[in-house]
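# Topology and contacts: notes
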Amino acid sequence: MHNPAPNGADTASMAREGMRVVVGENEDGVVFELPSAAHADVAWMHNEHLPGAATPLEISIRDVRVRTLPDGFPDSIMVNGYGYGRGQITNAGAGPFDPSIVANWRAARMPAVDAVIAEYEAFDPASIAPGDWRTALAEPDVRFWLAFGGVHRDTVGQVLPAAARWLDLYAERFGDDSRDDALAMLAGFANESGRRTSALWNLSRIAATDSSVLDAVASGIVSTGDTAAAAAFRTGFQTLLEQFGSTTIMHLMDLPTWREDPAVPLSMIAAMAGTEPGGDPLVLEAHAIERRHVLEAELKRLEADGDPALPALREVLAVAQYLAPASEDHNLLCDQRMIAAARGRFLRVGAVLTARGLAAAGDVFYLTFDELVDWLEESRTVPAEVIAQRRTELARWRTVSPPTRLGAQSAVVPDAVVLRGTAGSAGVYRGRARVLASLEDAGSLEIGDVLVCPATAPEWTPYFSVIGALVSDVGGVLTHAAVVAREFGIPAVVGAAGATAVIPDGAFVTVDGSRGLVTVER
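Below, the structure is looked at part by part. The shown structure was predicted, so the numbers you read here are calculated from the model rather than taken from an experiment.

### Describing the pattern of salt bridges
As a working rule, side chains carrying opposite charge can pair if their charged atoms are close by. Within the structure shown, the criterion is met by 28 salt bridges. Close ionic contact of Asp-370 with Arg-134 constitutes a salt bridge, the shortest N to O distance being 3.0 Å. Of this pair, Asp-370 sits in helix 15 (residues 369-378) while Arg-134 sits in helix 5 (residues 133-154), and the two are 236 residues apart along the sequence. The exposure class assigned to Arg-134 is partly exposed, which follows from its relative accessible area of 37%. Linking Arg-292 and Glu-296 is a salt bridge whose minimum nitrogen-to-oxygen distance equals 3.4 Å. Of this pair, Arg-292 and Glu-296 both sit in helix 12 (residues 281-304), separated by four residues, roughly a single helical turn. Residue Arg-292 shares its accessibility class with Glu-296, and that shared class is buried. Several salt bridges share partner residues, and in doing so they unite Arg-106, Glu-192, Arg-195 and Asp-329 into one network.

Okay, here's the thing in structure tokens:
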């Protein structure tokens, strides 16, 4: 949806004088308010890796991990459920980089991840004695974050600095105009998100051959027909859920996974069914592989000729080329599976509270952790009207795109027809803009649309086979939106601050992914 900022609004001054940054105009207005006046002197960046507004329970769980920095301010804050941090995750770094760490992260880290998931899945509320609830709920979460942190240190912690260093070294040797070639050498690698998208694509091909199957899919259901196509689709869809059923929506614990509610993957299949065969993820991957091999052969030739810069380049490239596999694989195998398991545990705890006055098990996510424990231990209830208010408030927050920055150096939404961001994926494309606040709205995407959103997460990946280009409010050349856009060969401009506020939904835009420019037709 389109959420224009107030005409002439200076968001920086608004943040300083009143800590209020209005980013959405709806019936009530949505206000982003910093915790205190002092916070306005710090620059807070929206965390693109947590693109959705979190529930009170999720926020209170995350709060225990917030660190206070030497200046007295925390390293992160939550505003309207959205995470804001004080630095970019991508660090140019200088190495050394160890290819063996990222290459072996599954063997080294997945046993701990699997153990946490098994612990969550085996959690039995009936086994918890009075007085033990806080410990019983909190201790597994400690193991969650230890496993989670270990995976991220071995994957993105290794790869993102190496990839940033690779781009710098390549530009030093071949010039700034060589940027697209440097990025192309980081593309064309199989990964879990690609395999998930390919599975959806194959199901869309089946649906496209049988109108009854396609009609059912478009209605959000799996066909019960007796045709060969219907039977093949059911089998394939069941396999999809077995492999990827833990996929979340925007990493949010209160929303159902694909296994619980298949409406999201079915909407993706319906969108793909109308695309041409050229959108096959494996075909697109093959194109990226072909270009990468040509460029790599040239590097080998230069190294054989004695180019002194090449040994250092190739050493860093050995780690940087894990960019897509490490980014996408760890997200599905660790993040989403663990979040899905944690969700299941809390739903079982919520079911216990339904016998003690909670209206529905899912309302547990609208309690803070302390409120949850107090209710379990002392039957200290939270009024139903408070829970309802929180639910309504969160739903309203999720209808807007959060500001890119809050506090010092807050982003002033540009009043211009040309936006400048980071060139994320090469190419030029003109199409209709579809401005979306969240993945839940993605069902409105049509073939060839330009997706304009705050940020993307791996759950968005299947839609990259439908859209013609992408524009995001936040992000850099090594973040998810840019990485996946390059894999799919579509132009992308990322980090175009204010894009979701400036670009009207339905307007035609030209996305120049090579120069980082978005031109809006008015």
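This is not the end of the story, as more comes after the structure.
### Things to note about the packing of helix 14 (residues 323-354) against helix 17 (residues 480-488)
Direction vectors running N to C along helix 14 and helix 17 enclose 120°, while the axes themselves pass 11 Å from each other. Between helix 14 and helix 17 lies a crossing of left-handed hand. Residue-level contacts link Leu-323, Ala-324 and Glu-328 of helix 14 to His-480, Val-483, Val-484, Arg-486 and Glu-487 of helix 17. Looking at side-chain class alone, the contact of helix 14 with helix 17 contains four nonpolar, one polar and three charged residues.

### Some remarks on helix 14
With 32 residues, helix 14 should reach 46 Å at 1.5 Å per residue; the first-to-last C-alpha distance of 45 Å fits that figure. Counted residue by residue, helix 14 has 25 buried out of 32 residues, so it is predominantly covered.

### Quick word on the packing of helix 5 against helix 14
Where helix 5 contacts helix 14, the two axes come as close as 10 Å, and the packing angle between them is 175°. Comparing their axes, helix 14 and helix 5 come out roughly antiparallel. In this structure, helix 5 contributes Trp-133, Ala-136, Leu-137, Pro-140, Asp-141, Phe-144, Ala-147, Phe-148, Val-151 and His-152 to the contact, and helix 14 contributes His-330, Cys-334, Asp-335, Met-338, Ile-339, Arg-345 and Val-349. In terms of residue class, the contact of helix 5 with helix 14 is built from twelve nonpolar, two polar and three charged.

### Here we look at the packing of aromatic side chains
What the rule picks out here adds up to ten aromatic pairs. Measuring from centroid to centroid gives 4.5 Å for Tyr-170 and Phe-174, while their planes differ by 40°, and the two rings are tilted. With a gap of four residues between them, Tyr-170 and Phe-174 both fall in helix 6 (residues 156-174), about one helical turn apart. Judged by relative accessible area, Tyr-170 falls into the buried class, the value being 6%. Judged by centre distance (6.4 Å) and plane angle (75°), the ring pair of Phe-346 and Phe-365 falls under edge-to-face.

### Section: unusual backbone geometry
If you check the backbone angles, Met-250 has positive phi at about 60° while not being a glycine. With respect to the helices and strands, the residue Met-250 is situated in the loop between helix 10 (228-244) and helix 11 (263-273). At His-251, a residue that is not glycine, the phi angle is positive and equals roughly 65°. As for its position among the elements, His-251 is in the loop between helix 10 and helix 11.

### A look at the sheet that holds strand 8 (residues 422-425)
Strand order in the open sheet formed by eight strands is 7-14-13-9-10-11-12-8, with mixed pairing between adjacent strands. Two strands in the sheet have a free side with no partner beyond their single neighbour: strand 7 (418-420) and strand 8. The sheet shows a mean angle of 30° between the axes of neighbouring strands, taken without regard to direction. Packing of helix 17 onto the sheet brings it into contact with strand 8, strand 11 (469-472) and strand 12 (492-494), and relative to strand 8 it is tilted by some 40°.

### Points about the side chain of Ser-401
Relative to the helices and strands, Ser-401 resides in the loop between helix 16 (384-397) and strand 6 (405-407). Within polar-contact distance, the side chain of Ser-401 engages the side chain of Thr-500 at 3.3 Å.

### Observations regarding the pairing of strand 11
Of the two faces of strand 11, the one lined by Ala-469 and Val-471 and the one lined by Leu-470 and Ser-472 are each fully buried. Bridge count for strand 11 against strand 12 is two bridges, and the pairing is parallel. When the sheet's bridge partners are listed, Leu-470 is paired in strand 12 with Ala-492. In this view, the connection linking strand 11 to its parallel neighbour strand 12 by way of helix 17 has right-handed handedness.

### What about the pairing of strand 4 (residues 76-79)?
On any regular strand, side chains alternate: one points to one face of the sheet, the next to the other face. By the alternation rule, side chains of strand 4 split into Ile-77 and Val-79, which are all buried, and Ser-76 and Met-78, of which none is buried. Counting the residues that bridge the hairpin from strand 4 to strand 5 (residues 82-85) gives two residues, and of these Asn-80 lies at a positive phi of roughly 55°.

### What to know about empty space enclosed by the protein
Under the defined criterion, the tally for this structure stands at two cavities of 30 Å³ or more. Its boundaries defined by the atoms lining it, the second largest cavity holds a volume of some 50 Å³. What lines the second largest cavity is Pro-51, Gly-52, Ala-53, Tyr-82, Ile-249, Met-250, Leu-252, Leu-255, Arg-398, Ala-437, Ser-438 and Glu-440. Considered class by class, the residues forming the lining of the second largest cavity number eight nonpolar, two polar and two charged.

### Side note on the environment of Ile-503
Within the secondary structure layout, Ile-503 lies in the loop between helix 18 (499-502) and strand 13 (508-512). Exposure remark for Ile-503: the relative accessible area of 0% places this residue in the buried category.

Analysis parameters
- Every chain is numbered on its own, with residues counted from 1 as its sequence reads.
- The predicted nature of this model means local features are confined to residues of pLDDT at least 70 and side-chain atom pairs, given and counted, to a pLDDT of 80 or more, with totals for whole chains, interfaces and linings taken over all residues.
- Calculated side-chain values reflect all of the structure's heavy atoms, with hydrogen atoms and water omitted.
- Any carboxyl oxygen of Asp or Glu within 4 Å of a side-chain nitrogen of Lys or Arg constitutes a salt bridge here.
- A run of DSSP states H or I qualifies as a helix once it reaches four residues; a run of E qualifies as a strand once it reaches two. Both are numbered from the N-terminal end.
- For the exposure calls, accessible area comes from a 1.4 Å probe over protein chains only, and a residue counts as buried if that area is under 20% of its type's maximum, exposed if over 50%, partly exposed in between.
- In this description, a line fitted to the C-alpha atoms serves as the axis of each element, helices being fitted only across the stretch in contact, and the angle between N-to-C directions of two axes falls anywhere from 0 to 180 degrees.
- The hand of a helix crossing depends on one turn: near helix anticlockwise from the far one by less than a right angle means left-handed, and clockwise means right-handed.
- A contact between two residues is defined here by any heavy atoms of the two lying within 4.5 Å.
- The nonpolar class holds Ala, Val, Leu, Ile, Met, Phe, Trp, Tyr, Cys and Pro. Asp, Glu, Lys and Arg form the charged class, and all remaining residues, Gly among them, are polar.
- To estimate how far a helix should extend, the number of its residues minus one is multiplied by 1.5 Å.
- Oblique is the label for every angle not falling under 35 degrees (roughly parallel), over 145 degrees (roughly antiparallel), or within 65 to 115 degrees (roughly perpendicular).
- Centre distance within 6.5 Å is the pairing criterion for rings of Phe, Tyr and Trp, where only the six-membered ring of Trp is used; planes under 30 degrees apart are then read as stacked, over 60 as edge-to-face, and the remainder as tilted.
- Strand pairing is assigned whenever DSSP detects at least two bridges linking the two strands.
- Polar contacts, as counted here, are pairs of nitrogen or oxygen atoms within 3.5 Å of one another; within protein the pair requires one atom able to donate a hydrogen and one able to accept it, and residues that are adjacent in sequence qualify only if both atoms are side-chain atoms.
- Note on handedness: a clockwise path from strand one over the helix to strand two, with the strands aimed away from the viewer, defines a right-handed crossover.
- For cavity detection a 1 Å grid was placed over the protein atoms alone, and a set of points counts as a cavity when a 1.4 Å probe fits there but cannot get out; an open set counts as a pocket when protein lies on both sides within 12 Å along at least five of seven lines, with lining residues being those that have an atom within 4 Å of a point.
- Grid points are joined across faces, edges and corners, and a volume is the space filled by probe spheres set on the points.

None of this, on its own, says anything about what the molecule does.
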